[in-house]
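The chain contents come next:
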Amino acid sequence: MQLPQHPPASIEELLERTRQLAGLTLGELADLAGFATPENLQRHKGWSGQLLELWLGAEAGSKPEQDFPQLGVELKTLPVNEQGKPLETTYVCYAPLVNIAGMSWEHSNVRNKLSCVCWLPILASRTIAPAERRVGSAFVWQPDQNEEAALRQDWEEIMELLALGKIESVTARHGEVLQLRPKAADGKALTDAIGEQGQRIRTRPRGFYLKKHFTQQILDKVFNDV
DNA sequence: CGATGATCATTA
DNA sequence: TAATGATCATCG
């Protein structure tokens, strides 16, 4: 098996690639790709995601776009435990904190990123070394009406608070399925935001994340026919 | 700095 | 023990 030389031309080709990876360990995939496998992920937090991007032919980089622009598909690896439950929240995208007055859900980066996602579960309990973590069965998901409505409601509520200058009072507890949390290299990273009096303030950058129970419901629907 | 890939680790 | 808030690596 070898690394793809080009992005998949269709969703079917993408899924075919994921089927060939299912059941293999990350260590095996790293060896085949000439990738070094870290002992732990403390200093390699993005390692598994980047390894799978490589194997599926996604473009590397930090562009605020989907991983497979020509397919309109976003790739998300999802760490799960032995019961198939998500171990972590899922990062969606950076949150805009200024110039957000005229933004709409329809044109939001969150909606764009989540309009079509290829979920790739990884059996990744912390007791399992990175090399032994195993790739599961991928599937392509698009939010149904209820899911989109829930995402939209959370997004609109959070964005309104940001627009009203209440960013410092928004915590990860806001939102049923989508939450806003810090997203930065460290506590010293600062960006512009709107303050209580409408003035410009400096604050820690934020990102949107999917709560675990939301991704768990997505998994339940496809694997347990719930 | 902003954005990607995320997981870590302290605390509630 | 789970979740929140913090952090790590890399790229342009």
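For the structure itself, consult the block above.
Here we summarise the structure given alongside this text. Source: prediction; values computed, not measured.

Quick look at the layout of surface pockets now. The space that makes up the largest pocket amounts to roughly 1900 Å³. At the level of secondary structure, the elements contributing two or more residues to the lining of the largest pocket comprise helix H3 (47-56), strand E1 (74-80), strand E2 (90-94) and helix H4 (109-114). Sort the elements by how many residues they give to the lining of the largest pocket and E1 lands first, with six residues. A breakdown of the residues in the lining of the largest pocket according to their chemical character gives 22 nonpolar, 13 polar and 15 charged. Estimates place the volume of the second largest pocket at around 210 Å³. Along the walls of the second largest pocket sit 17 residues, with Val80, Asn81, Gln83, Gly84 and Pro121 positioned nearest its centre.

Here the focus is the nonpolar core. Residues Val110, Leu162, Leu178 and Phe208 are the most contacted members of the largest nonpolar core, which totals 33 residues. Considering each element in turn, this core owes the most residues, six residues, to helix H5 (residues 145-163). Beyond its immediate stretch of four places on either side in the chain, Leu162 contacts Pro96, Leu97, Ile100, Ile167, Val170, Leu180 and Ile194. If you look at the next biggest cluster of nonpolar residues, it comprises 23 residues, including Leu26, Leu56, Phe68 and Ala138.

In the neighbourhood of DNA strand C, 18 residues make up the surrounding shell, with Arg43, Lys45, Arg181, Ala184 and Arg204 lying closest. Of what DNA strand C places within 4 Å of the protein, 57% of the atoms are sugar or phosphate. Taking Gln179, its side chain carries an N or O atom lying 3.2 Å from a phosphate oxygen of DNA strand C. Note that a phosphate oxygen of DNA strand C is positioned 2.4 Å from one of the side-chain N or O atoms of Arg204. With three residues, strand E6 (residues 178-182) is the largest single contributor of residues to the surface near DNA strand C.

Criteria and cut-off values
Residues numbered from 1 in each chain as written. Chains lettered and ligands numbered in written order. Predicted model: local features only at pLDDT ≥ 70, side-chain atom pairs only at ≥ 80, totals over all residues. Heavy atoms only, no water. 1 Å grid on protein atoms, 1.4 Å probe; cavity = no way out; pocket = protein on both sides within 12 Å on 5 of 7 lines; lining within 4 Å. Points joined across faces, edges and corners; volume = space filled by probe spheres on them. Helix = DSSP H or I, 4+ residues; strand = E, 2+ residues; numbered from the N terminus. Nonpolar A, V, L, I, M, F, W, Y, C, P; charged D, E, K, R; others polar. Core = buried A, V, L, I, M, F, W, Y, C linked by side-chain atoms within 4.5 Å. Buried < 20%, exposed > 50% of the residue type's maximum accessible area, 1.4 Å probe, protein only. Contact = heavy atoms within 4.5 Å. Near = heavy atom within 4 Å. Polar contact = N/O pair within 3.5 Å; in protein donor to acceptor, adjacent residues only side chain to side chain.

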